[in-house]
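In case you want the letters, here they are:
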Amino acid sequence: MQQKELAITLWRQTWPMAIGVLALLGFQLVDSAFIARLGTAPLAAQSFTFPLSFLIIGIQVGMGIAIAALISRALGAGEEARARRLSSLVLMAGGGVIGLLAIALWIFYVPIFRLLGADETTLSYIRIYWAPQLLSTWLGALLYFSYSVFRAHGDTRLPGKMMVLSSLVNLVLDPLLIFGIGDWEGWGLPGAAWATAIAFSVGLLVTTRKLLKRQWAAQQGLWQEAKQSWRPFTGIAAPAMVSQLMPPLAAMLAISVVAGLGESEVAAWGLASRLETLSLMVILAMTMSLPPWLGRCYGAGDWGQIQQLMTLAIKVALFWQLGLGIVLALGAPWLAMALAGNPDVQSELTLLIRFLLPSYAALGVCMLVVSAGNALGWPLRAMLLSSARLFICYLPCLWLGSQFFGWWGLAAGAAVGNLLAGFMAWLVMRRILSRPHRQAGFIH
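A quick note: this is a predicted structure, and the numbers were derived from the prediction, not measured. (Residues numbered from 1 in each chain as written. Predicted model: local features only at pLDDT ≥ 70, side-chain atom pairs only at ≥ 80, totals over all residues. Heavy atoms only, no water.)

## A look at the overall build of the protein
Logical step 1: Along the backbone of the protein there are 14 helices and zero strands.
Logical step 2: Its helices and strands taken in sequence order, the protein reads α-α-α-α-α-α-α-α-α-α-α-α-α-α from the N to the C terminus.
Logical step 3: Relative to its length of 444 residues, the protein is compact, with a C-alpha radius of gyration of 21 Å against a globular reference of 22 Å.
Logical step 4: On the principal axes, the C-alpha backbone points of the protein span a range of 55 × 50 × 35 Å.
Logical step 5: The buried share of the protein, reckoned over its 444 residues, is 57%.
Logical step 6: Put simply, of all contacts in the protein between residues at least 6 apart along the chain, 80% involve residues at least 24 apart.
Logical step 7: Surface exposure of the protein reaches about 18100 Å², of which carbon and sulfur atoms provide 67%. (Helix = DSSP H or I, 4+ residues; strand = E, 2+ residues; numbered from the N terminus. Rg over C-alpha atoms; globule rule 2.2 N^0.38 Å. Buried < 20%, exposed > 50% of the residue type's maximum accessible area, 1.4 Å probe, protein only. Contact = heavy atoms within 4.5 Å. Areas by Shrake-Rupley, 256 points an atom, 1.4 Å probe, with all protein chains shown as cover.)

Written out as C-alpha cells, the structure is:
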C-alpha cells in the first residue's frame, strides 16, 4: 500500500475506536468529577481502588491481546472455522477467570487496602463501594472480550459505537444514582459503580446479539480447539498479562508514595490518572486497531507493510500527543477547576497536568511498541520493555523526585520517566525491524 492509502486506512480503523475510547474514558472522568462533589474522602477512596481495578483490566487486556492475535492470524491464513472456535473460548474462559479474580479481591480487600495506606475513614467508603465496583469491572471485562473478537475481524465501528452507548447510559445514570432525585438522596459513592454496571450490561446485551447474528462464535469443537491452542495462547497471553499487570503494580507502588504526602495529593493523583487515560485516547485506540492489522500482515508474511504501519503510528503518536499535551498544560488551571472542587486538590492537579501531559508523547511511543510486539510474535520482548518502562524508568524517577523535592519533584520525576521509556522503546523497535530480512523503509 502507498503511504497515503495506508494513512487513510489506519485512520478509518482508528477513529471509531478513538471516539469509543474518548466516550469510555470520558465517563470514567465524569465519575470522578461527580464523586469529587461528595468530598475529598470519597474521591480518595475511589483513587485507592484504581490499582486493583487496573489489575483486573490488565489480565483481561492480556487475554484479549492473545485471542485477538490468534484470531487475526487464523483469518490471515484463511482458517475461519478456527477463528470462530477461538472466539467462543475466550468469552467463556475469560469470564470465568475474571470472575474468580473479582471474588478473591472482595474477600481480601481489607488487608490489601490497608497495605496500600488506606485509613479507617477511607476503608469505610471503600467497603460500600467495592462490591458494585467489582461487578461493573467483571461486566466490563466480558464486554472487552467481545470487542476483541470484533476487532480481530477488522470491525472497529461496532465496539466504538458500543463504547459511546455505554458512556451515554452511564452519564445519564451517574447523577441520578449518586445524588438521587426528588426526595430520594441517592446512593452516594456506590451509585457511580452501579451506574457503570448497568451501562456495561446494556453494551454486553447488544454486542452478544450482534456476535451471534454474524456467527463469529462456534459451539462445536471447542474442547479440541482448546487442547490445540492453549500452548500458543499461553505463549502470547502470559507475557502480555505480565506486561499489562506491570502498570497496576506500579500504580500501587506509586499511590503508596503519594499517600505519604497527604489526602489531597491522593485525590489529585486519582484525577490525574483518569485524565491520563483520557488524553491518551488516540494512542489507546491505535493499540486496539493496529495489532489485528499487524497480526494479519504477520500471518501473510508482509513485513514491508508492518514497517510502514509502525513508522506511521509512531509519527502520529509523537505529533498528536505532544500537541495535545502542550494545549492541556497551558489550560491546566481551568481544567483543574473543572475537575476538582477543593482548592488544594486544584493546585496539586494543575502541577501534575503541566508536567505529565506533554510527556505522554513519549509514553505513547512505548505503548505502541509494546502492543506491536504482542501482535508480531515478540511477547517476551514486549513484557521486558513494559517492565523496564515502569521499574527502571518511571518509578525510580518518581520516587527520587518525591524524596528530594516533594510534590513538585514527584510530578517532574514521573515526566522524566515517561521520556526515558519512549526513547528506549524507539531504540528497541528500530533495532528489531532493521534486521536484514525485515528492512523495508523503517526509520533509520
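## What to know about a nonpolar patch on the surface
Logical step 1: Together, L135, V172, L176, I181, W184, W187 and W194 line one region of the surface with nonpolar side chains, adding up to about 670 Å² of accessible area.
Logical step 2: Within the secondary structure, W194 sits in helix α7 (residues 189-214).
Logical step 3: Exposure remark for W194: the relative accessible area of 34% places this residue in the partly exposed category. (Patch = residues over 30% accessible without salt bridge, like charges linked within 9 Å, V, L, I, M, F, W, Y side chains within 5 Å. Salt bridge = Lys/Arg side-chain N within 4 Å of Asp/Glu carboxyl O.)

## Some points on the pattern of salt bridges
Logical step 1: Scanning the entire structure with this criterion turns up two salt bridges.
Logical step 2: Notably, a salt bridge pairs R114 with E120, separated by 3.1 Å at the nearest N-O pair.
Logical step 3: Taking relative accessible area as the criterion, R114 reaches 47% and is therefore assigned partly exposed.

## Description of the packing of aromatic side chains
Logical step 1: Following the criterion strictly, the structure yields eleven aromatic pairs and no others.
Logical step 2: Ring geometry for W106 against Y109: centres 4.9 Å apart, planes inclined by 15°, an arrangement best described as stacked.
Logical step 3: A relative accessible area of 36% places W106 in the partly exposed class.
Logical step 4: On the accessibility criterion, Y109 (7% relative accessible area) is buried.
Logical step 5: A centroid spacing of 6.4 Å and a plane angle of 25° characterise the contact between F423 and W426, whose relative ring orientation is stacked. Of the two residues, F423 and W426 both sit in helix α14 (residues 379-433), three residues apart, roughly one turn of that helix.
Logical step 6: For W426, a relative accessible area of 21% translates into the label partly exposed. (Phe/Tyr/Trp six-rings, centres within 6.5 Å; stacked < 30°, edge-to-face > 60°.)

## Looking at the nonpolar core
Logical step 1: If you look at the biggest cluster of nonpolar residues, it comprises 134 residues, and the most contacted ones within it are F113, W269, L294 and L352.
Logical step 2: Structurally, this core is a two-domain feature, drawing no fewer than three residues from each of domain 1 (1-220) and domain 2 (241-435). (Core = buried A, V, L, I, M, F, W, Y, C linked by side-chain atoms within 4.5 Å. Domains from an automatic or database assignment.)

## Digging into the environment of S289
Logical step 1: Position of S289 relative to the elements: it lies in helix α10 (residues 281-300).
Logical step 2: For the pair S289 and W15, spaced 274 residues apart in sequence, the C-alpha to C-alpha distance is 9.2 Å.

## What about the domain arrangement of the protein?
In many reports, interface size means the accessible area that the parts give up when they come together.
Logical step 1: According to the domain assignment, the protein consists of domain 1 (1-220) and domain 2 (241-435).
Logical step 2: Just the C-alpha atoms count here: the centres of domain 1 and domain 2 sit 20 Å apart.
Logical step 3: Overall, the association of domain 1 and domain 2 removes approximately 4400 Å² of surface from exposure, summing both partners, and the carbon and sulfur fraction of that is 73%.
Logical step 4: Joining domain 1 to domain 2, the criterion identifies zero salt bridges.
Logical step 5: Here domain 1 and domain 2 share one residue pair in polar contact (both at pLDDT 80 or more) between them.
Logical step 6: Elements with a minimum of two residues in the side of domain 1 that touches domain 2: α1 (3-36), α2 (40-76) and α5 (120-152).
Logical step 7: Of the residues forming the side of domain 1 that touches domain 2, the biggest block, 21 residues, is contributed by α2.
Logical step 8: The residue inventory of the side of domain 1 that touches domain 2, partitioned by class, reads 29 nonpolar, 16 polar and three charged. (Buried area = accessible area lost by both parts, 1.4 Å probe. Polar contact = N/O pair within 3.5 Å; in protein donor to acceptor, adjacent residues only side chain to side chain. Nonpolar A, V, L, I, M, F, W, Y, C, P; charged D, E, K, R; others polar.)

## Examining the packing of α2 against helix α4 (residues 109-116)
Logical step 1: With their axes 11 Å apart at the nearest point, α2 and α4 run at an angle of 115° to one another. Here α4 runs roughly perpendicular to α2, going by the angle between their axes. Relative to α4, the crossing made by α2 is right-handed. Residue-level inspection shows F48, T49 and L52 of α2 in contact with α4, the latter providing I112, F113 and L116.
Logical step 2: Classifying every residue of the contact of α2 with α4 gives five nonpolar, one polar and no charged. (Axes fitted to C-alpha atoms, helices over the stretch in contact; angles between N-to-C directions. Parallel < 35°, antiparallel > 145°, perpendicular 65-115°, else oblique. Left-handed = near helix turned anticlockwise from the far one by under 90°.)

## Some points on the side chain of N170
Logical step 1: Turning to its location among the elements, N170 is positioned in helix α6 (residues 157-179).
Logical step 2: N170 sits in the buried class, given a relative accessible area of 0%.

## Here we look at unusual backbone geometry
Logical step 1: We note that Q215 has phi near 60°; this positive angle belongs to a residue other than glycine.
Logical step 2: Here Q215 is to be found in the loop between α7 and α8 (222-259).

## Let's talk about helix α13 (residues 343-375)
Logical step 1: Between its first and last C-alpha atoms α13 spans 45 Å; for 33 residues at 1.5 Å apiece the expected length is 48 Å, and the two agree.
Logical step 2: The largest bend along α13 measures about 40° and falls at A361.
Logical step 3: Burial within α13 is extensive, with 26 of its 33 residues counted as buried. (Expected span 1.5 Å × (residues − 1). Bend = angle between axes of the 7 residues up to and from the residue.)

## Looking at the environment of S273
Logical step 1: Tracing the chain through its elements places S273 in helix α9 (residues 263-279).
Logical step 2: Residues S273 and F50, 223 residues apart in the sequence, show an inter-C-alpha distance of 8.6 Å.

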